[in-house]
Structures are given as C-alpha cells and as structure tokens.
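# Chains, contacts and geometry: an overview
Here's the letter readout for the chains.
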Amino acid sequence: MREICHVTPSAQASLRPLEALRADEEKESPVTVTVTECRKLWSRSIKVAYNILHKLGTKQEPMVRPGDRVALVFPNNDPAAFMVAFFGCLLAEVVPVPIEVPLTRKDAGSQQIGFLLGSCGVTVALTSDACHKGLPKGPTGEIPQFKGWPKLLWFVTESKHLSKPPRDWFPHIKDANNDTAYIEYKTCKDGSVLGVTIMRIAMLTHCQALTQSCGYTEAETIVNVLDFKKDVGLWHGILTSVMNMMHVISIPYSLMKVNPLSWIQKVCQYKAKVACVKSRDMHWALVAHRDQRDINLSTLRMLVVADGSNPWSISSCDAFLNVFQSKGLRPEVICPCASSPEALTVAIRRPTDDSSQPPGRGVLSMNGLSHGVIRVDSEERLSVLTVQDVGTVMPGAMMCVVKPEGVPQLCRTDEIGELCVCSIATGTSYYGLSGMTKNTFEVFPMSGTGAPISEYPFTRTGLLGFVGPGGLVFIAGKMDGLMVVSGRRHNADDIVATALAVEPMKFVYRGRIAVFSVTVLHDERIVVVAEQRPDSTEEDSFQWMSRVLQAIDSIHGVGVFCLALVPANTLPKTPLGGIHLSETKQLFLEGSLHPCNVLMCPHTCVTNLPKPRQKQPEIGPASVMVGNLVSGKRIAQASGRDLGQIEDNDQARKFLFLSEVLQWRAQTTPDHVLFTLLSSRGAILSSLTCVQLHKRAEKIAAMLMERGHLQDGDHVALVYPPGIDLIAAFYGCLYAGCVPITVRPPHPQNIATTLPTVKMIVEVSRSSCVMTTQVISKLLKSKEASAAVDVRTWPPVLETDDLPKKKPPLLYKPSNPDTLAYLDFSVSTTGMLAGVKMSHSATSAFCRSIKLQCELYPSREVAICLDPYCGLGFVLWCLCSVYSGHQSILIPPSELEVNPALWLLAVSQFRVRDTFCSYSVMELCTKGLGLQTESLKARGLDLSRVRTCVVVAEERPRIALTQSFSKLFKDLGLHPRAVSTSFGCRVNLAICLQGTSGPDPTTVYVDMRALRHDRVRLVERGSPHSLPLMESGKILPGVRIIIANPETKGPLGDSHLGEIWVHSAHNGSGYFTVYGDEALQSDHFTSRLSFGDTQTVWARTGYLGFLRRTELTDASGERHDALYVVGALDEAMELRGMRYHPIDIETSVIRTHKSITECAVFPWTNLLVVVVELEGSEQEALDLVPLVTNAVLEEHYLIVGVVVVVDIGVIPINSRGEKQRMHLRDGFLADQLDPIYVAYNM
C-alpha cells in the first residue's frame, strides 16, 4: 500500500487541502466545495477499513476477509465518499469493485453488472448515505434484490455510522505486490460485463508512469469532468492525484448537463493547471460559450482528452482550439490519450512548452482502412479519415501491432492492426474467466517466421491503429466497433461521424446515435439508430435518412441495411448519458425499439444471395420413366380399397339415386332420427326423422311445381342458414327433378360485401328461382340490399316457411344416373368462383366411399361442425346420413363464436365417436378454450370416446394447429391419434380421409430448399430448413392417385414432387361455368398421361404433392402409401426462378414477433409483399419491418419488397379458414387496406 504510505507523513505534518471536491449540482451557483484534507482522508479510510474487517458478521465468522471482493456504489456527485471507501478497501486489503448506482430494478445493462458481482462473489456493497436513501425500496423499506444481482448487504461508509477503531489498531501496509488491488468493470460489444483485475504493483507503476508522462507536481490543481469510478477519471482524479497530493475539482455529469461551461469556469476560478475531459465536454462548451466574457485558459498546461482515440475527437479538439485560442489556450496544451480497461493508459501526448512542434496527424483513405491497410490521402477528398496522434507509448512499456483476426502475427508497417502492450502497468485477467484471459492478457505476438518476438506476454488493448513516424501512436478505431461486411472492415464510430456530418444538429442529437451490425444471411449488416428531434417532420426525416444512406455509401463504400429513427430520449442510456449500445441492439433484435421511422435497404445491401435458379429444359416423360425404372424407383401411384370387392350388407347400394334411398328409409325405418340441429346453448333446436324429411321434401317439390312452374333440370338456388331447412329443400329439389345449388346467405351486418357473392352465384349458376326463409327473403329485397346489388333482377323467390298441405301427384325419377344431381359452387383461395357438376352416380359413389371409410351405420352418431355450402362439408351435412342411415348432429360453426365450447360439449354429451370440423373451428377452440380446460373438465367434458376427429380442408395439413389442439385437449381424454385431416379439391371433393381402420397418419420432414426446386429431400426432424408435412389421411375406397409432372404430364417416381391427379367414381363431371378465368382448361377433369398408362382419364387437382411408400401395412396387409400435400399450384409464387408456397413464408413471419397475429404474402410484379396483422399498440408497427425482412432473408433467401402492417381482421379469410390472398392483393393495389404503416424496402 505504498502510495498511501507516501502520503502518511505529510498528512500528519500539514493540513494542506489535498482534494477539493464536488461542485455541487443541486444549486448551480454558488458552488459549494467540500474540502477533504489529507489527514481526514487517512483517518476516515482507516475507519472504513476497520469497520469492513471487524464490524460485518461475527467475530468468529467475519463477512469480509482480506482478498474478498466488495462492491462500491457511489453517485457521480460524491467523489469524497468514493475516495474514502476506495482507499478504505485498499487499507483493509479487500478488493473494491466500483459500479454504477442502479436507479431502477431494470436499468440498461444493470442485470449484467449483477452477473459480474455474482461471479466475483460480492456479498457487501459500500455506499453513501444519500445514495442509500435514493435507492429503490420495497414496501417494507428494504432495498429489493435487483434483477440478476446477488443478495447484498448494504453498508453506509459515512463516519457517523461507523465505530472508531481501537488506538492500537493499524492497517497492515506492505509493499506493492501481485495481490489484486481493484476490479474495473468493462461492458463488451454483446452487453456482457467482465471484471478486469488490476494488481497493486500495476496500479502503483501506472500512477508513477502517469506522473512522469504528465509531469504532475505536488499541489497542482486539476479539474476532472470524467467518471472518477473507472478509466481515465479514476487514474488521474483519484489515484495519481493522491500520490502527488494534488488538488482535484470534480464536476459531476449532472452539473455538466445544466451548465456545460462549468468546467471552464472552474479552470479560470482555481487557475487549474490540468483538466481531464472527453471530446463531448469540449463540444458542449463550444455550443454554450457565446455569452461568456472573462474566460482565461492560460493557466492550463495540459488538457487531457480521454477519448482521444475516437476518430471524431480530432474535430472537437480543432474546433475547441479555434474558439479558445483567443482566450489564452495554447495548442500544445491539448493532450489526447488512448486507454482501455485491459491495458490502462496505452499512450498519451506529453505536454510541452515548445509550440513550434505541431502535433501529428494522418489523412487516411477510408477504402484502404476497410481493407486493413494505411493509404495516405488528401484532405480535400470526402472519403478520408483524419486521425490525430495520441502521443507515444507509456514509460516502461513496449508496444506492437498484430493482425486483428487469427494468431497474433505482427502487422507490416502499412497495415492497421490491434495494439498490444507489454508492461507491468496493465490489467492481469478477466475475473474468473481463464480462457478469455489467456487470449487477451497472455498474448505472444509472432514475427513473420512464426517466432515469438518477446519472452514476456503482451496485453491486447482492444484498439485498432498503427505506430507512425517518430513512435507516435495513431488510433483508427476499436475492436468492439469493428464490423466486417463482405470481407471489408468498417468502424462503427466512423459511420456515426459520417451520419452526424449530414446536416448536424438540425435533425439528430449529437451523441444520440447508435451504429451496430446484425448478422443476417451469413454476413454482418449495418444498422443505424438515431434519436430525432421532437419538432422534425416526416419529410425532414426521410430526406435526412436518404442523405445519410448516400453519404455512407459514397464515403465508406458500404450499404446500410436498416436506418431507424426513434423519438428523442427513448434509447437506453449508460449511467453517464451515452447510448447503451448492446441494449439498443437487443431491443432492435427483439422488436421493442419502437422507431417512428424505418428505412430498410436489403436490395442494395444483400449481395450474397444464391444465384437465381435457371430453369433447365424439361426432361421428356419417357426419359423420366426409364430413369425411375433403372434406379429401381416405382412410379408414384396409389389407390384406396377397391369398391367392387368390398362385401358388405349395404342396402343403399341397390338404389342408383339418393332420392330413392330416402324414400326407402321413410318406408322401412320411418321414425329413425337422421338429423339433429343444436342451438348455441347446446340444446336440440330441431330434428328430422326419415319420414319427416320425406314428407317435407314432398311438400317442397309440390310447391316448386305449382308456384315456381319449374321444369325438371331447372336450377334452384337454396339460400339458407346452416340447418334442417336446407336439407329438406335439397331433397325437395331432387323430388321435383330440379338441380339444387347451396348458397351461403348474406350476413345481415355485412350486406355490402356478402350479398354480391350470393347474387353472382345465383346468376352464374343460371338459377330459375331462389328458395329461402322469410327472414332472408326480406333481407334480399331490403333497402340495404338495393345499395349493394340490383334487387329487381332476382329470379322468383320462394319462401318455405309455410308449405302447402298437399303432396305432388308424382315424384320425379331421374332416367340416367349420369345426369346432374347438384352443383357445388365455391370461391377458391385465388378468388375464382367455380361451380362443379356432380352427377347422381358420383354423389352415390361419394356417399358409399365415405360410409366404408368411416364405417357409418344407422346405429352411429356423427357430430358435424362445418359450413354446409360446398365440398365435403355439404356432403357430410346433407347427404351422408340419408345414404348410411347414421344420425348427424349438426352444429353451425357460427354458433361457436357465441359459445366456443359448443362443439366439444356436444361431442361429449352425445358420446360421439366420429366428428368433423374445419380449421377455423379448431382455431376457435384452441384460442377460445385454452385457459378453460380445468373448468370444462369440472363440467364433465369427456373426449375419450372420440376415435376420429377429422379436419375437412383443401390445403396442406396445418400441423402446428392440429398438434396444439391435441395437446390442449389431451387432459380431457382426447386421444392424440384421433385428430387427422382430410384432403379434397374442386375436381374431387374428398380424395383422402383418415377413417377408422388403417395406420395412423405419418409425418415426414422435407428440406424446404429442395422443395423450392420441386424436389423432395427427406431430412431428420429438427435439421435446419426442415419442414414437417403430415399425411392428409387415407385414400378413400375407389380412388386412384398418380403424381404427374404438371408441364409434361408424364408420371413421376416415388417421393417426387408433382401435381396430384385423381381417378374415381366420385370425381366431378366438369365445371358448370368458371367465373373469373375463362381460359381454365377443360382438361382439369379429363386429362391423360403423356406416357405410360395413356388410357385412364384423370382429373387434375391443381395441388402439388408426393406419394411415399411407408413401412406401415394397411387393412388389406399391403404396404401403405401416404399422400403428402404441399400446396396449390395457383397459390405458389415463382420468385428468383424458384417455387415458393406462401404458407412457408407466412409461418416464418408469424414466428418473428409476439404481436403478429396473422400474415399473408403475395407477389406484386417481381416483389414480395408481406402483410402482417398487428395485435398491440401502433408504436410496435415499425418494429416488425426489420424483423420480417430478416426472417424471410434468413429462412427463404428472399428480399421482402414491401411490408404492410394492418389492423386485425384485414386479411380476408373464407369460411374454410383459408386466406384469400388474391383478394388481399387487389385491396393492396387499390389502396383499400387502410394500413397502419407501409414500408418499401430499397
């Protein structure tokens, strides 16, 4: 403890003021100055030392022993208390760890400081009275444990709280040795905090070196504006000043904020010889000096610029000298220095009296620097960096420059590298981290031959630079600020300087700008975040942003990936007011930065995308077939069970027409209930037995003939809500020989958008009359309706509420099973309205196929929660019960919006074994009942009897949804194997359906990148770019499937991606009309392969998928073929020569941020447009832009052209839960989305 011993004799002999401390910040003037004399410092420090060692814990078990670490928590306006505590620790031989005062429980970076304290084993924190009172308190007055901090005992070091040491007690003072003196914290680039240990010998040697370099003498006055707890402020303001018994005036940061000139005033007032400042303090003084007259800086012999290694400090120094030279400031007084936590002071410019010797400067080419070499350039050029020297190496130290990456090899003289120092006066280790310590504090630089240049280890300083002529050290940047973009090195500080040079001060606050890099797609990308002034307009900001982009591009030759502007004072601050960089980066990455303006430039920055795929000429179908044969691959084809060979007692088989089956059931089992409709409460609203249905159908047929004067074959539109009237009307039409078309009724609250679709279907289907209920009939002709459509052109509307009493003279019997039974109209996801013709024979075959697959018999009950207007939903709602005789429990999906548990309660109450639903129903249950499983269990909800729960869909199975549904309701008895999906499309309403027997649905993982090239590559679960695909259920009896190349129409091999073609008795017989695309080929229903089996007639589904033979066996003992649906050809997007399925990109986007509830993508010209729905405050909207852009780049190698943030519910979704992306696109192009924010990426 020799430095204190130096002080001791004089402390007793004289009362010369040693430390004049703290210009008080509360009252800006008059300034009170606390004087701590040498004797007081000595006696108080001894008191603190004694109390630390003897008054904490018990005599037998003291809390703190020599060598233990202790936290020092002191505010910046109390250097006296800090000094007493610091020297008290040194005297007690405990290790002080000075840290910042935690202001709230969640300060920026405070958690990491807590980790440091924990790893150092700190249990005691020393603090001052005022600071202790200001700490946040819990409800009982105790100081809470800060996030990530260890449990601490807070110990106040004011004399009045301490016991006096006994007269005979004296600290043990020994020579400076290799014990740790103190630990200085250092924040890394990633925000983690390390503790650099400084040995006692290093501390003393460093103070001696500074005394020699700066020529310090006793009783000089020094003004310190820097943080005295660490770095230059600690070395000059606390340690070296005590060693030389100097007079220190400390200016706290809070006073600088109020009065930026305070330090200059103090220099004049006390005729100070030395001042320690940062370039920021010089800058502030320049801005504020105008109204000051009597400034005289002629007493200054040394102005230490602590951040002299910063590239923009030179401009502050020059400007400061420019203004204050007339006030007595001499040029040779300015002494920039370079320092780092690891190497302490690396170099400092020595004060001289000789003004003839100008300081060194270098004008370096930015382009050269980015390649790591020094190229001198002329100052006229914009793309240059002017650097000033930071003097020469410290006394007793040796310096070398090594390559920044890889082994520490010496640089050539014209290369920029990391400075390394060999000296006693450096740090020794990162506390507790031996690996990192070795790489930083124990470096042995090597010459070109590979031999070490010295037997002593060097310490890496973390500074980039070179040694110039005359041994002058030049710093060009910090290792922490280094960003390597496409192999070139850029320094964050340089980019900040360029951004600030664009209209400085007008728009962005100086010092409130952060530059960092994020890794996206295997390269670093530069992000600039700045705080804009509150009065700037949108136009100002965009002008500034585009100018900054241009400036950085032309000066540094690098593109900025993202430029974000945030409101003033919103970036996380360090305790001394700078920007907390890693915290800012963290906020940016997790989407909580809340910018008010964002400009992304991925098109200009991202140059390492894989080359666009060039389409090769297709290989002919014959070659593909031969290739498959040669490689032993089978042709991808599969079929369900053969309908002809299944022997069952199916009575309905002997009838060709459904109308005959109903008449037969009405005679043989008149009172058997076929349909039960439930209300939103779960009560039975109405039910129909076989005979009731038959009689109502007869009455409707009579009405059609009498009132409607319809001929057989006329088309009738049935506009009914989901229910029993719809079923009766359907069979009434069959009895009258008419062709029914089921149409979803208009929504009374939303007539303007729903009625035109009804009108369109009625017109396109050429319906001769409309049958409906009285309520809907009024709606069709209402005032609101006339605003949406021309109500005069409706065909005759028949209301079926009051039916005639008589039955028709004769029921119609169709002559030919191939005539039309009904038309199935629906709007596809691409916005196309198409009606598919279903013949009587196809309808019967369909019902039989489902009966066999699901084993449906009159004794069964099936719960159906689907819309009954098209596809499999309609068939299950209206037709299957009549054919198979089972009871259908009908649950309108719209009722679930009132009561989400309705469907599952019905399934439980009626002890249903088979149930059908849609994805939207499943989603409603998952979202609406997620937190209610316990209460549902208490109500007796039991799903253990369910053996099949089938999602009816025309898309790739949504694995995430089915899995979360299974997981959620597992506790209520739902067997995970029960949940499965079906697959149908326009040409064949049901191709696959899980059914009761047969193996469970399998899941495979395919490589998404191969899929874009239309190839299937199976990978392991969890491997990168893997996409899970679930089998879409078992192929229905009587259905054959083949995978064909959509272009050449040739058959493809097993596990090859192609279009799914289907051949079955229940294929549709053609489009009735296609509205919206007249060029749709007729070959959708009648295609033949171009090679191989060219006789069979197939229908093209328009979906891409593949077949794969599995190891499982099906009911007949054959190996089971699984069909995997990948996506619709219509929906797929051709981008960069590859085929992308929107759902894959949307899945990536939804995962990026918790506030994105839904997403849809579509191409526009050759740009990708991403529309996201935001749940949350609008200030989060701009956070999504970088996240979405990054995710799509990383996972799909695509650059997003436009990001549109909209409110919830803007993305249109049809009744089947499918996104209407083309509708959305039309809305976007017509500017009808009313977005919260639209970002056009450059």
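Residues numbered from 1 in each chain as written. Predicted model: local features only at pLDDT ≥ 70, side-chain atom pairs only at ≥ 80, totals over all residues. Heavy atoms only, no water.

Heads up, the condition is: UniProt positions are given in the numbering used here, feature names are shortened, and annotations may be inferred rather than shown by experiment.
Identification of the protein chain as Disco-interacting protein 2 homolog Ca from Coilia grayii is taken from an unreviewed UniProt entry. Checking UniProt for the protein chain, the heading Sequence similarities (unreviewed entry) contains the comment "Belongs to the DIP2 family."

## Some thoughts on the overall build of the protein chain
Spelled out, the test is: Secondary structure elements are defined from DSSP: runs of H or I of at least 4 residues count as helices, runs of E of at least 2 residues count as strands, and each element is numbered from the N terminus. Per-residue accessibility, obtained with a 1.4 Å probe over protein chains only, is compared with the maximum for each type, and a residue is labelled buried under 20%, exposed over 50%, and partly exposed between these values. Should any heavy atoms of two residues lie within 4.5 Å, those residues are considered in contact. With residues, only the protein chains shown are counted as cover, and all accessible areas are computed by Shrake-Rupley using a 1.4 Å probe. The positive count covers Lys and Arg only, the negative count covers Asp and Glu only, and His and the chain ends enter neither. A charge is said to be at NZ when it belongs to Lys, at CZ for Arg, at CG for Asp and at CD for Glu.
Helix and strand counts for the protein chain come out as 34 helices and 55 strands. Counting only C-alpha atoms, the protein chain reaches 130 × 65 × 65 Å along its principal axes. The buried share of the protein chain, reckoned over its 1242 residues, is 59%. Across the protein chain, the fraction of contacts at a sequence separation of at least 24, relative to all contacts at a separation of at least 6, is 74%. For the protein chain, the accessible area works out to roughly 49,900 Å², and carbon and sulfur atoms hold 52% of it. Seen as two clouds, the 121 positive and the 124 negative side-chain charges of the protein chain have centres 3 Å apart.

## Structural notes on the UniProt feature "domain: AMP-dependent synthetase/ligase" (unreviewed entry) in the protein chain
Under the UniProt annotation, the feature "domain: AMP-dependent synthetase/ligase" (unreviewed entry) is placed at residues 64–431 and 662–1072. Segment residues 662–1072 splits into 32% helix and 22% strand. End C-alpha atoms: 27 Å apart.

## Observations regarding the UniProt feature "domain: AMP-binding enzyme C-terminal" (unreviewed entry) in the protein chain
On the UniProt side, "domain: AMP-binding enzyme C-terminal" (unreviewed entry) is annotated at positions that read residues 1131–1233 here. Between the first and last C-alpha atoms of residues 1131–1233 the distance is 21 Å; the span itself is 30% helix and 29% strand.

## Describing the nonpolar core
In plain terms, the rule: To form a nonpolar core, buried Ala, Val, Leu, Ile, Met, Phe, Trp, Tyr and Cys residues must be joined to one another through side-chain atoms within 4.5 Å.
Counting residues in each nonpolar core, the largest one holds 90 residues, and the members touching the most others are Leu693, Leu704, Tyr731, Met771, Ile850, Leu879 and Phe916. Broken down by element, this core gets its largest block of residues, 11 residues, from helix α21 (residues 724–736). Grouped together as the second largest cluster of nonpolar side chains are 70 residues, Cys207, Tyr216, Leu234 and Met246 included.

## Things to note about the packing of helix α19 (residues 658–668) against helix α20 (residues 690–706)
So the rule is basically this: Note on geometry: axes are C-alpha line fits, over the in-contact stretch for helices, and angles between N-to-C directions span 0 to 180 degrees. Here the word oblique covers every angle except those under 35 degrees (roughly parallel), over 145 (roughly antiparallel) and from 65 to 115 (roughly perpendicular). Left-handed is the label given to a crossing in which the near helix is rotated counterclockwise from the far helix by less than a right angle, and right-handed is the label when the rotation is clockwise. All residues other than Ala, Val, Leu, Ile, Met, Phe, Trp, Tyr, Cys, Pro, Asp, Glu, Lys and Arg, Gly among them, are scored as polar; the first ten of these are nonpolar and the last four charged.
Taken N-terminus to C-terminus, the directions of α19 and α20 make an angle of 130°; their axes are 8 Å apart at the nearest point. As the angle between them shows, α19 and α20 are arranged oblique. Crossing of α19 against α20: the hand is left-handed. Facing α19, whose interface residues are Leu662, Gln663, Arg665 and Ala666, α20 presents Cys690, Val691, Leu693 and His694. Residue composition of the contact of α19 with α20, grouped by class: five nonpolar, two polar and one charged.

## Here's the deal with the pattern of salt bridges
Definition in use: The salt bridge criterion pairs a side-chain nitrogen of Lys or Arg with a carboxyl oxygen of Asp or Glu, the two atoms within 4 Å.
As enumerated under the stated definition, the model contains 41 salt bridges in all. Among the salt bridges present, the one from Arg460 reaches Glu418, with a minimum N-O distance of 2.8 Å. Separated by 42 residues along the polypeptide, Arg460 in strand β21 (residues 459–467) and Glu418 in strand β19 (residues 417–422) bring together distant segments of the chain. When sorted by exposure, Arg460 lands in the same class as Glu418, which is buried.

## Topic: the sheet that holds β19
Stated formally: A pair of strands is considered paired only if DSSP assigns at least 2 bridges between the two.
Pairing in this open sheet of four strands is antiparallel, and the strands run β18-β19-β21-β22 from one edge to the other. Single-partner strands in this sheet number two, and they are β18 (398–402) and β22 (473–478). Averaged over all pairs of adjacent strands, the angle between their axes in this sheet comes to 50°, without regard to strand direction.

## Observations concerning empty space enclosed by the protein
Note the cut-off: Residues are said to line a cavity or pocket when one of their atoms sits within 4 Å of a point; the points come from a 1 Å grid over protein atoms alone, cavities being sets where a 1.4 Å probe fits but cannot get out and pockets being open sets with protein on both sides within 12 Å along at least five of seven lines. Grid points are joined across faces, edges and corners, and a volume is the space filled by probe spheres set on the points.
In total, this model carries nine cavities of 30 Å³ or more according to the counting rule given. Approximately 160 Å³ is the volume attributed to the largest cavity. Elements with a minimum of two residues in the lining of the largest cavity: α12 (366–370) and β24 (488–491). Its residues assigned to classes, the lining of the largest cavity comprises six nonpolar, four polar and two charged.

## Describing the environment of Val527
Within the element layout of this structure, Val527 appears in strand β26 (residues 523–532). For the pair Val527 and Val560, spaced 33 residues apart in the sequence, the C-alpha separation amounts to 6.2 Å. Apart from the residues lying within four places of it in its own chain, the contact partners of Val527 are Ala514, Val515, Phe516, Val518, Cys562 and Phe588.

## Looking at the sheet that holds strand β29 (residues 637–639)
Strand order in the open sheet formed by five strands is β29-β45-β46-β48-β49, and the pairing between neighbours is antiparallel. Looking at the sheet topology across the chains shown, the edges are occupied by β29 and β49 (1119–1128). With strand direction ignored, the average angle separating the axes of adjacent strands in the sheet is 40°. Pairing analysis gives eight bridges linking strand β48 (residues 1099–1113) to β49, with the strands arranged antiparallel. For Gly1105, the partnering residue across the bridge sits in β49 and is Val1125.

## A short note on unusual backbone geometry
With a phi close to 60°, His522 is a non-glycine residue in the positive phi region. As for its position among the elements, His522 is in the loop between β25 (508–520) and β26. Judged by relative accessible area, which is 66%, His522 ranks as exposed.

## Considering α19
One turn of an α-helix holds 3.6 residues; hence residues three or four places apart share an orientation. Along α19, eight of the 11 residues are buried, which leaves the element largely enclosed by surrounding structure. Those residues of α19 not exposed but buried are Leu658, Ser659, Glu660, Val661, Leu662, Trp664, Arg665 and Ala666. Looking at the buried residues of α19, the elements they touch are α20, α21, α25 (840–854) and α26 (871–884).

## Brief notes about the side chain of Asn224
For Asn224, the location among the structural elements is in strand β9 (residues 221–224). Of the residues examined, Asn224 reaches a relative accessible area of 1% and is grouped as buried. What Asn224 contacts, discounting residues up to four positions off in sequence, is Gly233, Gly237, Val248, Ile249, Ser250, Ile251 and Cys276.

## Section: the environment of Ile222
Within the element layout of this structure, Ile222 appears in strand β9. By relative accessible area, which is 0% here, Ile222 ends up buried. Between the alpha carbons of Ile222 and Val473 there is a distance of 25 Å; along the sequence they are 251 residues apart. Ignoring sequence-local partners within four residues, the contact set of Ile222 consists of Tyr216, His236, Met246, His247, Val248, Ile249, Val274 and Cys276.

## A few points about helix α14 (residues 492–501)
Most of α14 sits out of view: eight of its 10 residues are buried. Residues Ala492, Asp493, Asp494, Ile495, Val496, Thr498, Ala499 and Leu500 constitute the buried set of α14.

## Describing the packing of α19 against α21
At a minimum axis separation of 9 Å, α19 and α21 run at an interaxial angle of 110°. On the basis of the axis angle, α19 is roughly perpendicular to α21. Residue-level contacts link Leu658, Ser659, Leu662 and Gln663 of α19 to Tyr731, Leu734 and Tyr735 of α21. Taken together, the residues of the contact of α19 with α21 sort by class into five nonpolar, two polar and no charged.

## Here's the deal with the packing of aromatic side chains
Rule in force here: The criterion for an aromatic pair is that two Phe, Tyr or Trp rings (for Trp, the six-membered ring) have centres within 6.5 Å, with stacked assigned to planes under 30 degrees apart, edge-to-face to planes over 60 apart and tilted to the rest.
In total, this model carries 27 aromatic pairs according to the counting rule given. When the ring of Trp263 is compared with that of Phe320, the centres are 5.7 Å apart and the planes differ by 20°; the resulting orientation is stacked. Taken together, the positions of Trp263 in helix α9 (residues 262–270) and Phe320 in helix α11 (residues 313–324) put the pair 57 residues apart, joining distant regions of the chain. Plain terms: the ring middles of Trp1164 and Phe1228 are 5.4 Å apart, the flat faces sit at 85° to each other, and that makes the pair edge-to-face. In this pair, Trp1164 sits in strand β52 (residues 1156–1164) while Phe1228 sits in helix α34 (residues 1221–1229), placing the two residues 64 residues apart along the sequence. Looking at Trp1164, the relative accessible area reads 26%, which means it is partly exposed.

## Points about the pairing of β9
Heads up, the rule is: Orient the strands so they point away from the viewer, and a crossover whose first-strand-to-second-strand path over the helix runs clockwise is right-handed.
With burial as the criterion, each face of β9 is covered, one bearing Thr221 and Val223 and the other bearing Ile222 and Asn224. As defined by bridge partners, β9 adjoins strand β10 (residues 247–250) across four bridges and the pair is classed as parallel. The partner of Thr221 across the bridge, within β10, is His247. Viewed along the sheet, the connection from β9 through helix α7 (residues 231–243) into β10 turns out right-handed.

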